[in-house]
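Results of the structural survey
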Amino acid sequence: MGIFELFKKRDSGEAQQAALESGLGKSREGIFGRLSRAVAGKSRVDEEVLDELEEILITADVGVETTVRIIERIEARVARDKYLGTAELDTILREEVAALLAEAPAAESSSELGMLFEKDASGNPFVLMVVGVNGVGKTTTIGKLAARLTAAGKRVFLGAADTFRAAAIDQLEVWAERSGARLVKQQMGADPASVAFDTLSAARAAGADVAIIDTAGRLHNKINLMNELAKIRNVMQKVVPGAPHEVMLVVDGSTGQNAFEQAKQFSAATQISSLAVTKLDGTAKGGVVIGISDQFRIPVRYIGVGEGVDDLQVFDRARFVAALFGEGR
């Protein structure tokens, strides 16, 4: 079955929600399985229950600051309502997490693609630069996104500007072939900014809709490598004024607190405008999405909940909360 048939077969409603619930299964059990055991035999939400809940949320990598905010909200409700039973705790937690996510900057758009990917007034392509350390699923995320875009009728160019690893260029080439996107590459060791320049030049000449630039999986504690991101941006702006239109940081949700550190370092080094959180299906650390969204005030654009092309999902806060808490909770 070809990639376009996969998208035609996809049910964007129930099937996507089912995949999301399945992908967040370990996180859901990690939080609510432990919570059920913690409140067993207790009738009301007291200080001991809240201490248990705090530990559970921190273990799920919601993050200390965000966990404290959630606990404070629940404490305020306990004080206001005078009495809250443990049977109500699931519902209360769900409501407070949903409220917290609603306060964070939204990345959702009316497009099923997660953003509009429209050309500018001069007909230049929408330019997306993707950053992140090695191993987080950055190149795979780009490939899956390219597949979604081409299936939606967009003309897409991919720039293999991660020239430090031959495997990264090869991997992106495979995704380009699968998705029908055009790949622009040079030899391993070439100047990444030169690849970005060539990609945008070719995309503009071809009247493409979108250009996605892969970058090296640079270590987030190497400032000299981070400075290269600024060079790539400056070169791209010579071809397409205002480029890149979005800079997306990809982080691996299964790394928990390390994902927080990467978000911190990258946002300090360059202007990150959105996030993609991958590999949530293989971990019980799905709470990292809540913490990153709350603490960094950077919109979460996509989440990865499986290996399939369609398992890169547009982040929808309401769907995420419903899947994390499970139907009927």
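In the block above lies the structure referred to throughout.
Residues numbered from 1 in each chain as written. Predicted model: local features only at pLDDT ≥ 70, side-chain atom pairs only at ≥ 80, totals over all residues. Heavy atoms only, no water.

1. Here's the deal with the side chain of Ser-27
Tracing the sequence through the fold places Ser-27 in helix α3 (residues 25–39). Excluding residues within four positions of it along the chain, Ser-27 makes contact with Thr-283, Ala-284, Lys-285, Gly-286 and Leu-324. (Helix = DSSP H or I, 4+ residues; strand = E, 2+ residues; numbered from the N terminus. Contact = heavy atoms within 4.5 Å.)

2. A word on the nonpolar core
Formed by 99 residues in total, the largest nonpolar core has its most connected members in Leu-93, Ile-212 and Ile-303. Beyond its immediate stretch of four places on either side in the chain, Ile-212 contacts Leu-128, Val-130, Ile-142, Leu-145, Leu-149, Val-156, Phe-157, Leu-158 and Gly-159. (Core = buried A, V, L, I, M, F, W, Y, C linked by side-chain atoms within 4.5 Å. Buried < 20%, exposed > 50% of the residue type's maximum accessible area, 1.4 Å probe, protein only.)

3. Comments concerning the pairing of strand β2 (residues 156–160)
The buried count for β2 comes to five of five residues, which makes it a mostly enclosed element. Burial of β2 is two-sided: the residues Val-156, Leu-158 and Ala-160 facing one way and the residues Phe-157 and Gly-159 facing the other way are all buried. Relative to strand β4 (residues 210–214), β2 is paired through five bridges, and the arrangement is parallel. When the bridges of β4 are listed, Gly-159 appears paired with Ile-213. The sheet contact formed by β2 and strand β3 (residues 182–184) spans three bridges and is parallel. Its bridge partner being in β3, Leu-158 is matched across the sheet by Leu-183. Following the chain from β2 across helix α8 (residues 166–179) to the adjacent parallel β3, one finds a crossover that is right-handed. (Pairing = 2+ DSSP bridges. Right-handed = clockwise from strand over helix to strand, strands pointing away.)

4. A look at the pattern of salt bridges
By the definition in use, this model includes 19 salt bridges. For the salt bridge of Asp-252 with Lys-279, the shortest nitrogen-to-oxygen distance reads 3.7 Å. Remark: Lys-279 occurs in the loop between β6 (274–278) and α12 (288–296) and Asp-252 occurs in strand β5 (residues 246–252); sequence separation between them is 27 residues. Here Asp-294 and Arg-297 are joined by a salt bridge, their closest N and O atoms 3.6 Å apart. It is possible to trace a salt-bridge network through shared partners that takes in Arg-69, Arg-73, Arg-77, Glu-95, Glu-96, Glu-103, Asp-294 and Arg-297. (Salt bridge = Lys/Arg side-chain N within 4 Å of Asp/Glu carboxyl O.)

5. Some points on the environment of Val-251
Among the structural elements, Val-251 can be located in strand β5. Between the alpha carbons of Val-251 and Gly-137 there is a distance of 7.8 Å; along the sequence they are 114 residues apart. When near neighbours in sequence (up to four residues on either side) are disregarded, Val-251 contacts Val-136, Ala-259, Gln-262, Ala-276, Val-277, Thr-278 and Ile-292.

6. Observations concerning the packing of aromatic side chains
What characterises a pair of aromatic rings is the spacing of the ring centres plus the angle enclosed by the ring planes. Under the definition given, this model contains four aromatic pairs. Between Phe-32 and Phe-325, the aromatic rings sit 4.7 Å apart at their centres with planes inclined by 55 degrees, giving tilted as the arrangement. Pair noted here: Phe-32 is in helix α3 and Phe-325 is in helix α13 (residues 317–325), with a separation of 293 residues, a long-range link. Seen from their ring centres, Phe-315 and Phe-320 are 5.4 Å apart, and the 65 degrees between their planes marks the pair as edge-to-face. (Phe/Tyr/Trp six-rings, centres within 6.5 Å; stacked < 30°, edge-to-face > 60°.)

7. Quick look at empty space enclosed by the protein
In total, this model carries one cavity of 30 Å³ or more according to the counting rule given. Considering only enclosed or pocket space, the largest cavity measures out at about 30 Å³ in volume. Lining the largest cavity are Ile-31, Phe-32, Leu-57, Leu-93, Val-97, Ile-290, Leu-324 and Phe-325. Elements supplying a minimum of two residues to the lining of the largest cavity: α3, α6 (89–103) and α13. Classifying every residue of the lining of the largest cavity by side-chain character gives eight nonpolar, no polar and no charged. (1 Å grid on protein atoms, 1.4 Å probe; cavity = no way out; pocket = protein on both sides within 12 Å on 5 of 7 lines; lining within 4 Å. Points joined across faces, edges and corners; volume = space filled by probe spheres on them. Nonpolar A, V, L, I, M, F, W, Y, C, P; charged D, E, K, R; others polar.)

8. Digging into the packing of helix α4 (residues 47–59) against helix α5 (residues 64–81)
Running from N to C, α4 and α5 point in directions that differ by 150 degrees, and their axes come no closer than 9 Å. Taken together, the axis directions place α4 and α5 in an arrangement best described as roughly antiparallel. The two elements α4 and α5 meet at a crossing, and its hand is right-handed. Across from Leu-50, Leu-53, Glu-54, Leu-57 and Ile-58 in α4, the residues of α5 making contact are Val-64, Thr-67, Val-68, Ile-70, Ile-71, Ile-74 and Glu-75. Of the residues assigned to the contact of α4 with α5, the class counts are nine nonpolar, one polar and two charged. (Axes fitted to C-alpha atoms, helices over the stretch in contact; angles between N-to-C directions. Parallel < 35°, antiparallel > 145°, perpendicular 65-115°, else oblique. Left-handed = near helix turned anticlockwise from the far one by under 90°.)

9. Brief notes about the pairing of strand β7 (residues 300–304)
Taking burial as the measure, the five residues of β7 include five buried ones, the bulk of the element. Relative to β7, β6 runs parallel, the two sharing three bridges. The residue bridging Val-277 from the neighbouring strand is Ile-303, located in β7. In this fold, β6 hands off to α12, which returns the chain to β7; that crossover is right-handed. Of the pairings in the sheet, the one linking β7 to strand β8 (residues 312–314) comprises three bridges and is antiparallel in character.

10. As for unusual backbone geometry
If a residue is not glycine, its phi is most likely negative; likewise, a peptide bond is most likely trans. With an omega dihedral of -5 degrees, the bond running from Ala-243 to Pro-244 counts as a cis peptide bond. With respect to the helices and strands, the residue Pro-244 is situated in the loop between α10 (223–239) and β5. Its identity as a non-glycine residue notwithstanding, Lys-279 has a phi of 60 degrees, on the positive side. Given the relative accessible area of 35%, Lys-279 is considered partly exposed.

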